[in-house]
Amino acid sequence: MFESPFAMREKAFAAIQVIIDELVVETGARGILVIDRVGQLLSRTEKMEEFDTTSLASLAAGCVAATGGLARLLGEKDFPSHFHQGESGSLYINRVDERGILIVFFDRDSSLGLVRLRARKGSAALAHVFKESQKENEAKSSPEHSAFANITDEEIDNLFSD
Amino acid sequence: MSFINYAAREINCKIVYYGPGLCGKTTNLQYVYAKTNPDLKGKMISLATETERTLFFDFLPLALGEIRGFKTRFHLYTVPGQVFYDASRKLILKGVDGAVFVADSQPAREEANIESLENLQTNLVEHGLELSDLPWVMQYNKRDMPDAMPVEEMRKLLNPTGVPDFAACATSGEGVFETLKGVAKGVLSNLRKMGI
Ligand SMILES: Nc1nc2c(ncn2[C@@H]2O[C@H](COP(=O)(O)OP(=O)(O)OP(=O)(O)O)[C@@H](O)[C@H]2O)c(=O)[nH]1
Ligand SMILES: [Mg+2]
């Protein structure tokens, strides 16, 4: 079966933003991203805007996929969190659920212990938002809510009309 | 698995270029990257070996335009074609919305093409997908090679079900955008079918 698309509406985005804005303060991190397992950016805190977050999202998802692959080869279900330590900046990556990934970028103003502790709480809150969001989408998956159900071949062709 | 952002009115889809080693997957993306307006593309990322063979994937984010007020974005990925990178290929297929199979027209690569197409089918099954569920297109690449197999022959061998197919030369760019449009259309039509 084809995996149904992952859709998110305004309410879910707003809830995610609140969670990561709080988390970034609580951890003293430089920035936070939330992405999906396929590598699409869902949300970011303000200071992450200076980075190429599209590329970051794709590489972090690749990294999580590769780490998960390693885990399965070793008979583990997953390595749900991992940590990359740099000279000044470090990255803590935590799998939220089967759809989302939380990424915390921090430096010496914070610590791994603190980030790990708070990220666990933040991930649980994010997982809850994803679940609610999915419920809402299932409720709204009727034709009058769908954006693409009656697009025409012509509209699709027009996308390429240059 | 496409991602629909109702807040930003954006839809993101994932397209994977698949095919045997050295068939020209990375070259396809490089050409698209080189010829796309800077406003419409992000950075191209290549995780490659020192000899420019794809090690994990290439990634290129592209914006195509609007449909019903939704910005359509496509994330293009290539897999590493070398046989022993199978574990990585499997991972990259996660959440795929559409695929391009890049076949190498050189007769010496006939078997490699068939094996790679079978490998795509096997790896899709691991994600609970059949090739016939997936919007995909076939590209016969390296048409400029003097010994290129006739397209008819390749079609019989690799495309018996008649998905849209394109002759290409990725180094000169011939057929590259036609292929991309072909798969993007397939993906959007599939969204319509799913009633998104
Ligand atoms: N003559 C010719 N050469 C091509 C064409 N397309 C690609 N090549 C060349 O084939 C070689 C391999 O191309 P890549 O794009 O790196 O191949 P790939 O499929 O990404 O290979 P892997 O990453 O190992 O899977 C390069 O030297 C390209 O320049 C083509 O249409 N014609
Ligand atoms: Mg390559």
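Residues numbered from 1 in each chain as written. Chains lettered and ligands numbered in written order. Predicted model: local features only at pLDDT ≥ 70, side-chain atom pairs only at ≥ 80, totals over all residues. Heavy atoms only, no water.

**Q** So what exactly am I meant to see when it comes to the overall build of chain B here?
**A** Each helix and strand counted, chain B has five helices and eight strands in total. Shown N-terminal to C-terminal, the secondary structure of chain B runs as helices and strands in the order β-β-α-β-β-β-α-β-α-β-α-β-α. In terms of overall size, chain B behaves like a compact globule, its C-alpha atoms giving a radius of gyration of 16 Å where 196 residues would be expected to give roughly 16 Å. Principal axes of the C-alpha set define a box for chain B whose edges measure 50 × 35 × 30 Å. Here chain B holds 196 residues, and 56% of them are scored as buried. Here the analysis covers contacts within chain B between residues at least 6 apart in sequence; of these, 68% occur between residues at least 24 apart. For chain B, the exposed surface amounts to about 8,100 Å²; the carbon and sulfur share of it is 52%. Where the 22 positive side-chain charges of chain B centre and where its 23 negative ones centre are 8 Å apart. (Helix = DSSP H or I, 4+ residues; strand = E, 2+ residues; numbered from the N terminus. Rg over C-alpha atoms; globule rule 2.2 N^0.38 Å. Buried < 20%, exposed > 50% of the residue type's maximum accessible area, 1.4 Å probe, protein only. Contact = heavy atoms within 4.5 Å. Areas by Shrake-Rupley, 256 points an atom, 1.4 Å probe, with all protein chains shown as cover. Lys, Arg positive; Asp, Glu negative; His and termini not counted. Charge placed at Lys NZ, Arg CZ, Asp CG, Glu CD.)

**Q** Looking at this structure, how should I read the coordination of the magnesium ion (ligand 2)?
**A** Octahedral six-donor coordination of a metal ideally yields angles of 90 or 180 degrees, compared with 109.5 degrees for tetrahedral four-donor coordination. Residues and elements named next belong to chain B. Donor atoms from the polypeptide that coordinate the magnesium ion (ligand 2) comprise Thr26 (OG1) and Thr54 (OG1), at 2.0 Å from the metal. Placement of threonine 26 in helix H1 (residues 25-35) and of threonine 54 in strand E4 (residues 54-67) is noted, with a sequence separation of 28 residues between them. Judged by relative accessible area, which is 9%, threonine 54 ranks as buried. (Donors = N, O, S within 2.8 Å, 3.2 Å for Na, K, Ca; no water.)

**Q** Honestly, the confidence of the model for chain B in this entry has me stumped. Any pointers?
**A** Detailed reading of predicted coordinates is not advised where the pLDDT is low. Confidence along chain B averages 95 in pLDDT terms, with 99% of residues attaining 70 or more. For this predicted complex, the interface confidence score (ipTM) comes to 0.84, while the overall pTM stands at 0.92. (pLDDT = per-residue confidence, 0-100.)

**Q** Is there a simple way to explain the site of ligand 1 in this structure?
**A** Residue and element names in this part refer to chain B. Not every one of the 19 residues close to ligand 1 is listed here, only the nearest: Lys25, Thr27, Arg53, Gly81 and Asp144. Glycine 81 is positioned with one of its backbone polar atoms (N or O) 2.6 Å from an oxygen atom of ligand 1. For ligand 1, a nitrogen atom lies 3.4 Å from a polar atom in the side chain of threonine 171. When ligand 1 is considered free in solution it has 650 Å² of accessible area, and contact with the protein chains removes 80% of it. Broken down by element, the shell around ligand 1 gets its largest block of residues, three residues, from H1. (Near = heavy atom within 4 Å. Polar contact = N/O pair within 3.5 Å; in protein donor to acceptor, adjacent residues only side chain to side chain.)

**Q** Please explain the interface of chain B and chain A as it appears in this structure.
**A** With 48 residues of chain B at the interface, the matching set in chain A holds 42 residues. A combined buried area of about 4,200 Å² lies between chain B and chain A, and 66% of that area is made up of carbon and sulfur atoms. Aspartate 157 of chain A is paired through a salt bridge with lysine 185 of chain B; the nearest N and O atoms lie 2.6 Å apart. Taken together, the links from chain B to chain A amount to eight residue pairs in polar contact (both at pLDDT 80 or more). When contributions to the side of chain B that touches chain A are tallied by element, the ones reaching two or more residues are strand E1 (3-5), strand E2 (10-18), strand E3 (45-48), E4, strand E5 (70-78) and helix H5 (176-194) of chain B. Counting residues per element, the side of chain B that touches chain A draws most heavily on H5 of chain B, which supplies nine residues. Classifying every residue of the side of chain B that touches chain A by side-chain character gives 27 nonpolar, 11 polar and 10 charged. In the sheet, strand E1 (residues 6-8) of chain A pairs with E1 of chain B via three bridges, with the strands oriented parallel. (Buried area = accessible area lost by both parts, 1.4 Å probe. Salt bridge = Lys/Arg side-chain N within 4 Å of Asp/Glu carboxyl O. Nonpolar A, V, L, I, M, F, W, Y, C, P; charged D, E, K, R; others polar. Pairing = 2+ DSSP bridges.)

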